[in-house]
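Summary of structural features
Letter by letter, the chains look like this.
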Amino acid sequence: MSSTATPAPAPASGQGRLWTVDEHLADILATVRPLDPIELQLPDAQGCVLVEDVTVPVALPPFDNSSMDGYAVRTADVSGADEEFPAVLTVIGDVAAGGESLPRVGPGEAARIMTGAPLPPGAEAVIPVEWTDGGTGGGAATSMRPAGSAPEGASGEVRIYRPVEPRAHVRARGSDVQAGDLALEAGTILGPPQIGLLSAIGRATVRVHPRPRVVVLSTGSELVQPGEALGQGQIYDSNSFALTAAARDAGAIAYRVGAVTDDADTLRATIEDQLIRADMIVTTGGVSVGAYDVVKEALSSVGDEDEPGSGIDFRKLAMQPGKPQGFGSIGPDHTPLLALPGNPVSSYVSFELFVRPAIRALMGREDVHRRTVRATLKADKALRSPAGRRQFLRGTYDAEAGSVVPVGGSGSHLVAALAHADALIVVPEEAVSAEPGSEVDVVLLG
């Protein structure tokens, strides 16, 4: 697959300054470009963005057909029919969906017809079976008899108890779409109804921006895979699972590599091995200022000095949680790499703010951001926030009440609180608190 990020002017070093959330996100979106279009089979195109207008090659439906199970008739033959004086017509045969030969309906005749079957020549309308005796010689029918079955007392005739207007219960040719109509515009996101329309007009493949392949890996010698026994000082690797799920939720094809030990050479080799199947790489952990921040050590010098904009820039952002961040490109195709902090809440919040929009940009989508709404803060006490930092706190949003309630504290390790949240409460940089009853911005996570 072709390049997913375009070389940008060499990034200013993140050392020594505090970047805003908006600046960091703008740099990411300025360098990430939609993946080159490819032709995909319809089942594989779900969730993708269409890159060309699709016109209708044939009318839909392609022929006049019945919208009911019943009898195809001439309207003159049933004029004035009622319960006391039903119209009695000779049944000349069956018309089933997909049938090859159609009987011609003449004066005094009717043809049994099934839903979706073509209207036979001579017929002008369809009488629902419930308006007839079903050919049994008895009272009103409730369903069609199986083809070829002639119950005792049936006479080969049908009694019809109500008149009908011309074209009644007939779906006209082209009543859905006409040949040459615009079926779907370029930029349409292909969901189930759109896939259904494409298949209905005979399209087996479609040209789209494909779903990006995102490789997620976590770093840390202390990480153990779920299901294994914990040793002294070890914890389970939750970040790679959470972020892989988040990448899939954003629309990507995600691959989880798992935990890599705190060794720069091993990490660098692992990332290089993953480039063959990656349109984006996401790492978590090792981007702060500790002695074992292996991501910074491994990636600080991976840029090609002959390629402007290549390499990874590590920054400090004016946000909490998620202050340490890294972004850039790696490899011959300038594959985007986003390096996130290792604390679970920090990594997830960082994903929502930076990685998810980048994934959606790779897909060619315009709606790259989560929806933000205003809500009334319902809390027992004011929410504190450090001056000059944009704070993101977990919360639960009540759409009906237009309110949000904090969940858990501000600690970046509180995974349980994150699991019960469906929103992020935003306290802006210029505020040091959010008072109960005040209006706040809320980023919806669902």
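Above: the structure in question.
An account of the accompanying structure is given in this report. (Residues numbered from 1 in each chain as written. Predicted model: local features only at pLDDT ≥ 70, side-chain atom pairs only at ≥ 80, totals over all residues. Heavy atoms only, no water.)

1. Focus on the overall build of the protein
Summing up its helical and strand segments, the protein has seven helices and 29 strands in all. Among the 446 residues that make up the protein, the fraction classed as buried is 46%. A separation threshold of at least 6 residues defines the contact pool for the protein, and within that pool the share at least 24 residues apart is 72%. Roughly 20500 Å² of accessible area belongs to the protein as shown, and the carbon and sulfur atoms make up 50% of that amount. (Helix = DSSP H or I, 4+ residues; strand = E, 2+ residues; numbered from the N terminus. Buried < 20%, exposed > 50% of the residue type's maximum accessible area, 1.4 Å probe, protein only. Contact = heavy atoms within 4.5 Å. Areas by Shrake-Rupley, 256 points an atom, 1.4 Å probe, with all protein chains shown as cover.)

2. Some thoughts on the side chain of Thr-283
With respect to the secondary-structure elements, Thr-283 resides in strand E18 (residues 280–284). Not counting the four nearest positions on each side in its chain, Thr-283 is found in contact with Leu-217, Ile-271, Val-295, Leu-338, Ala-339 and Leu-340.

3. Details of the sheet that holds strand E2 (residues 38–41)
Across the sheet, three strands lie side by side as E2-E13-E3; this open sheet has antiparallel pairing. The open sheet terminates on both sides in strands that have one partner only, identified here as E2 and strand E3 (49–50). Pairing of E2 with strand E13 (residues 205–209), which is carried by four bridges, proceeds in the antiparallel orientation. Among the inter-strand pairings, Leu-40 is bridged to a residue of E13, identified as Val-206. (Pairing = 2+ DSSP bridges.)

4. Some words on the sheet that holds E18
Taken in spatial order, the seven strands of this open sheet run E1-E19-E21-E22-E18-E14-E17, and their pairing is mixed. The sheet is open, and its two edges are formed by strand E1 (18–19) and strand E17 (253–260), each paired on a single side. Both strand E14 (residues 213–219) and E18 contribute to a ladder of five bridges, which runs parallel. From the neighbouring strand, Leu-217 faces E18, where its bridge partner is Thr-283. Sitting on the sheet, helix H3 (residues 239–250) touches E14, E17, E18 and strand E22 (335–340), and the angle it makes with E17 is about 170 degrees. (Axes fitted to C-alpha atoms, helices over the stretch in contact; angles between N-to-C directions.)

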